[in-house]
Amino acid sequence: MSSTMQATSPTSSTSNTQLITDALVDYAKTTGIDLSKNPFAAKIKRANSPEDILELLQEREKAFKDYREGNQTLINCLSPAVNIIQAFSGILGTAVGLVSDTCHLVTLLT
């Protein structure tokens, strides 16, 4: 066996499994989300081949794309309202600044 090839030993496999288990436990402690109870995790466990896993990932990709495109419609509707509110806030900010300066001058003069 050449020095660049490594054999997979039961010890390294066990060590990797423990590493993943520890990482999942730490993630659950940090976020409060137990990924092992996620429905997607159950589907991955039932997958019998790499093709099954790729199909699941493609389904998730499509669902995410549909979600993003659906929200784009909402963003397109809200965009004009946000632009108007931003313009008014700038005008009001300037007006408040002028009133504040005037009140400050009146306070100094009295």
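Enquirer: Please explain the overall build of the protein chain as it appears in this structure.
Expert: The helix and strand inventory of the protein chain stands at three helices and zero strands. Going residue by residue from the N terminus, the α and β elements of the protein chain occur as α-α-α. The buried share among the 110 residues of the protein chain stands at 3%. Only carbon and sulfur atoms are counted for the fraction: they give 64% of the accessible area of the protein chain, which is about 9,800 Å².

Enquirer: When you look at the pattern of salt bridges in this model, what are you seeing that I'm missing?
Expert: Charged atoms that come close allow side chains of opposite charge to pair. According to the stated counting rule, one finds two salt bridges in the structure shown. We note a salt bridge from Lys37 to Asp34, for which the minimum N-O separation is 4.0 Å. Among the residues examined, Asp34 registers a relative accessible area of 33% and is labelled partly exposed. Here Asp66 makes a salt bridge to Lys62, at a shortest N to O gap of 2.9 Å. Of this pair, Asp66 and Lys62 both sit in helix 3 (residues 50-109), four residues apart, which is roughly one turn of that helix.

Enquirer: Explanation requested: the environment of Leu24 in the structure shown.
Expert: Structurally, the position occupied by Leu24 is in helix 1 (residues 10-31). Judged by relative accessible area, which is 38%, Leu24 ranks as partly exposed. The sequence separation of Leu24 and Ser36 amounts to twelve residues, and the corresponding C-alpha distance is 8.0 Å.

Enquirer: Where do I start with the packing of aromatic side chains in this structure?
Expert: Working definition: an aromatic ring pair is given by the centre-to-centre distance plus the angle between the planes. For the structure shown, the criterion picks out zero aromatic pairs. Here the guanidinium or amino end of Arg60 rests over the ring plane of Phe40, the centre of that ring lying 4.6 Å away.

Reading guide: rules and limits
- Residues numbered from 1 in each chain as written.
- Predicted model: local features only at pLDDT ≥ 70, side-chain atom pairs only at ≥ 80, totals over all residues.
- Heavy atoms only, no water.
- Helix = DSSP H or I, 4+ residues; strand = E, 2+ residues; numbered from the N terminus.
- Buried < 20%, exposed > 50% of the residue type's maximum accessible area, 1.4 Å probe, protein only.
- Areas by Shrake-Rupley, 256 points an atom, 1.4 Å probe, with all protein chains shown as cover.
- Salt bridge = Lys/Arg side-chain N within 4 Å of Asp/Glu carboxyl O.
- Phe/Tyr/Trp six-rings, centres within 6.5 Å; stacked < 30°, edge-to-face > 60°.
- Lys NZ or Arg CZ within 6 Å of the ring centre and 35° of its normal.

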